[in-house]
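Next come the chains, spelled out residue by residue.
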Amino acid sequence: MEDLLRAAQQAQENAYAPYSGYRVGAALRSSSGQVYAGCNVENVSYGLTLCAERNALAAMVTAGETRWTEIVIITRDGGTPCGACLQVLLEFVEDARNASVICASESSGPGPSRMLAEFLPLGFRSPEVGRTES
Ligand code: THU
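Read on for a plain summary of the structure. (Residues numbered from 1 in each chain as written. Predicted model: local features only at pLDDT ≥ 70, side-chain atom pairs only at ≥ 80, totals over all residues. Heavy atoms only, no water.)

**A word on the overall build of the protein chain**
- A tally of helices and strands in the protein chain yields four helices and five strands.
- Written out in order from the N terminus, the α and β elements of the protein chain read α-β-β-α-β-α-β-β-α.
- Against the globule reference of 14 Å for 134 residues, the protein chain gives a C-alpha radius of gyration of 15 Å, in line with a compact fold.
- In terms of overall dimensions, the protein chain has a C-alpha envelope of 55 × 35 × 25 Å along the principal axes.
- Within the protein chain, buried positions represent 40% of all 134 residues.
- By sequence separation, contacts in the protein chain at least 24 residues apart represent 61% of the contacts at least 6 residues apart.
- Summed over its atoms, the accessible surface of the protein chain is roughly 7,500 Å², and 51% of this surface lies on carbon and sulfur atoms. (Helix = DSSP H or I, 4+ residues; strand = E, 2+ residues; numbered from the N terminus. Rg over C-alpha atoms; globule rule 2.2 N^0.38 Å. Buried < 20%, exposed > 50% of the residue type's maximum accessible area, 1.4 Å probe, protein only. Contact = heavy atoms within 4.5 Å. Areas by Shrake-Rupley, 256 points an atom, 1.4 Å probe, with all protein chains shown as cover.)

**Regarding the pattern of salt bridges**
- Using the criterion set out here, one finds six salt bridges in the structure.
- With a closest N to O distance of 3.0 Å, arginine 97 and aspartate 95 form a salt bridge.
- Given the relative accessible area of 60%, arginine 97 is considered exposed.
- The residue glutamate 118 makes a salt bridge to arginine 114 at a minimum N-O spacing of 3.8 Å.
- Among the residues examined, glutamate 118 registers a relative accessible area of 56% and is labelled exposed.
- Within this structure, Asp3, Arg29 and Glu70 form a network of salt bridges that share partners. (Salt bridge = Lys/Arg side-chain N within 4 Å of Asp/Glu carboxyl O.)

**Quick notes on the packing of aromatic side chains**
- Under the counting rule described, the total for this entry stands at one aromatic pair.
- Arranged with centres 5.6 Å apart and planes meeting at 40 degrees, the rings of tyrosine 19 and tyrosine 46 form a pair that is tilted. Residue tyrosine 19 is found in the loop between helix H1 (2–13) and strand E1 (25–30), and its partner tyrosine 46 is found in the loop between strand E2 (35–39) and helix H2 (52–62); the two are separated by 27 residues along the sequence.
- With a relative accessible area of 38%, tyrosine 19 lands in the partly exposed category. (Phe/Tyr/Trp six-rings, centres within 6.5 Å; stacked < 30°, edge-to-face > 60°.)

**Details of the site of the ligand**
- Ser20, Tyr22, Val24, Asn40, Glu42, Thr49, Cys51, Ala52, Glu53, Pro81, Cys82 and Cys85 make up every residue found near the ligand.
- Within the backbone of alanine 52, an N or O atom sits 2.9 Å from an oxygen atom of the ligand.
- Note that an oxygen atom of the ligand is positioned 2.8 Å from one of the backbone N or O atoms of cysteine 82.
- Partitioning the shell around the ligand into residue classes produces seven nonpolar, three polar and two charged. (Near = heavy atom within 4 Å. Polar contact = N/O pair within 3.5 Å; in protein donor to acceptor, adjacent residues only side chain to side chain. Nonpolar A, V, L, I, M, F, W, Y, C, P; charged D, E, K, R; others polar.)

**Notes on H2**
- Among the residues of H2, Ala52, Glu53, Ala56, Leu57 and Met60 are the ones counted as buried. For H2, the arc enclosing every buried residue in end-on projection is 140 degrees, short of the 170-degree limit, so these residues lie on one face.
- Contacts made by the buried residues of H2 are with E1, E2, strand E3 (68–75) and helix H3 (83–91).
- Phi turns positive one or two residues past the end of H2, at glycine 64, with a value near 95 degrees. (Arc of directions from axis to C-beta.)

**Digging into the pairing of E1**
- Most of E1 is tucked away, with six of its six residues classed as buried.
- Here E1 shows a buried face lined by Gly25, Ala27 and Arg29 and a second buried face lined by Ala26, Leu28 and Ser30.
- Relative to E2, E1 runs antiparallel, the two sharing five bridges. Counted as the bridge partner of leucine 28 is tyrosine 36 from E2.
- Where E1 folds back onto E2 in an antiparallel hairpin, the turn is made up of four residues, including glycine 33, whose phi is positive at roughly 100 degrees.
- Here six bridges tie E1 to E3, and the two strands are oriented antiparallel to one another. Note that in E3 the partner of leucine 28 across the bridge is isoleucine 71. (Pairing = 2+ DSSP bridges.)

Below is the structure:
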């Protein structure tokens, strides 16, 4: 977990958050053991802002991986992932009950490890999507 915390802190240093001033860094471990990080990237057209967690996932997918097992997110107050990020995090886990989410605060460090399923118990995962009518 220490390596993820360090990677999340490094990513947070590069956060581009001139509008909110809320800097977020995220680092996750893929199923191969590789670490991928992301920071939030804001835009003057506010709604175009990219969250740190989804940028970390994009780095993982870009590198050719589609499964993660552990993520550390650091903010000044230990904030939790937004609903959109939870849904996208869900896309890339085998089992949400075995995917660890740790929210860290700049001052008090990492909080407890909670499972993704606790944050998003009934996330959308329909096997029906993509099926064509016959
Ligand atoms: N933010 C994230 O990066 N991740 C989240 O899960 C919640 C919010 C960012 C978006 C915006 O740049 C700033 O935090 C304040 O909402």
